[in-house]
Amino acid sequence: MVALESAELFRNLRPDEVRALRQVALEREYAAGQEIFREGDRGDGVYVVKSGTVEISGLLNQTTRRNFSQIKPGGMFGEMAVIEHRPRSASATAISDTIVYFIPRGEMLHLIERSPGLALSLLQQISQRLRDFNQLFLSEVVQAERLAVIGRFARSIVHDLKNPLNIIGITAEVASMPNAPAEMRAQASSRIRKQVERINELVGEILLFTQGDQSTAVLVPVNFAEFITQVVEEMRHETELKSVKVELAAPPPAVKILLDPKRLRRVFFNLSHNATDAMPEGGKIILRFDADDAGVITEVEDTGSGIAPEILDRLFEAFATHGKSHGTGLGLSICKKIVEDHGGRIWARNEPGRGAVFAFVLPLAKPGKIS
Ligand code: ADP
């Protein structure tokens, strides 16, 4: 049981103010489960719990009610509608046998006008409530966003795994028919191998993506020119099957860079896969480099149709995909993570009249040039 003057709100009152408060405060009793006020009621006064517990709840929609908070002895409720002179926006219900002090609106406003201490306490309590509410709201938004991401992730994985699994299933069935000719079996075997590769690639991307913020890059000093020569050779193996040529605008700079070759190679392959996707009829990938004292900028340009404006500002976000039936939207977000794990930055632009350009900068390892 809390005496009126010991309630948080009235703690700073002078004795004469406490006397005035006592004269206007009314005691009201509510049985467990009884409603004190509900949405839409007049904001006719402020309540302070003397004993018992009051639950504040609000309607989320026409049928769903949500509990916001429980007010224990000494706590206040119902102040907002009084200050704003608007109808109640929430309901208050006694959840155990409860006694409250009720201070009618007119008297409460009168007291506030005369007592700066009371006005300050009221402000402090409202401010505290806003803070608590913000915290609750933020954690719920974060939780909802997390669930939405997991949902999108799961949908995207299921969608991407279903296709190759279906192809494997059908192909295996055809190949295992007793009268299947040897040629058909060979074709089936290569088709299945290709689909298994696709699944492997996808699983690899998911693993990379789920490694999250935990940086797994192992950086060693590497001659950038040698690294690029090797990567370009591997890229050409893949792209020539799709009538895409890989060209170097100029020889790569022979500078020393701290990098994780396996992971950085992934950036080149993801960019090259995307460029190839953007050039279904074939085309060119042009690699360009620009080195200064701070680092090396690598540009990967293609002769495709350019980046669609719909995706331009979400390009490096996970699951942002556009215009592809098999897109996971993970490729560029993985590139971004890898480049950032190398202390670099990645960006993209459309080159007017030409295709897309993806560029990233990597810092030089000291002391710089390899002689
Ligand atoms: P995904 O390729 O699985 O969709 P990414 O993150 O690799 O995911 O790419 C996101 C989107 O960016 C692609 O769906 C595509 O719309 C666009 N994009 C990426 N690279 C290029 C490119 N070289 N040319 C045109 N659009 C591109």
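Everything numeric here is computed off the predicted structure, so don't read it as measured data.

> So, the environment of Leu364: which residues are in play, and what are the values?
Tracing the chain through its elements places Leu364 in strand E15 (residues 356-369). Separated by 21 residues in sequence, Leu364 and Gly343 have C-alpha atoms that sit 9.9 Å apart. Among all residues touching Leu364, those that are not within four sequence positions of it are Val255, Lys256, Ile257, Asp292, Asp293, Ala294, Gly295 and Val296.

> Kindly report on the packing of aromatic side chains, identifying the contributing residues and their values.
Counted under the stated rule, the structure contains 10 aromatic pairs. Each ring, one from Phe37 and one from Tyr47, has its centre 5.6 Å from the other, and the planes form 45°; the classification is tilted. On the criterion of sequence distance, the pair formed by Phe37 in strand E2 (residues 35-37) and Tyr47 in strand E3 (residues 45-51) is long-range, its members being 10 residues apart. The class for Phe37 is buried, based on a relative accessible area of 6%. One cation-aromatic arrangement involves Arg28 over Phe102; the distance from NZ or CZ to the ring centre is 3.8 Å. One Lys or Arg, Arg88, reaches over the ring of Phe37 and ends 4.0 Å from the middle of that ring.

> Could you give me a rundown of the site of the ligand, with the residues and numbers involved?
In the vicinity of the ligand, 19 residues are found, and the nearest of them are Asp302, Thr321, His322, Lys324 and Thr328. Here a nitrogen atom of the ligand sits 2.8 Å away from a polar atom, N or O, in the side chain of Asp302. His322 is positioned such that a nitrogen or oxygen atom in its backbone is 2.7 Å from an oxygen atom of the ligand. Expressed as a share of its isolated accessible area of 540 Å², the protein-covered part of the ligand is 93%.

Cut-off values and rules
- Residues numbered from 1 in each chain as written.
- Predicted model: local features only at pLDDT ≥ 70, side-chain atom pairs only at ≥ 80, totals over all residues.
- Heavy atoms only, no water.
- Helix = DSSP H or I, 4+ residues; strand = E, 2+ residues; numbered from the N terminus.
- Contact = heavy atoms within 4.5 Å.
- Phe/Tyr/Trp six-rings, centres within 6.5 Å; stacked < 30°, edge-to-face > 60°.
- Buried < 20%, exposed > 50% of the residue type's maximum accessible area, 1.4 Å probe, protein only.
- Lys NZ or Arg CZ within 6 Å of the ring centre and 35° of its normal.
- Near = heavy atom within 4 Å.
- Polar contact = N/O pair within 3.5 Å; in protein donor to acceptor, adjacent residues only side chain to side chain.
- Areas by Shrake-Rupley, 256 points an atom, 1.4 Å probe, with all protein chains shown as cover.

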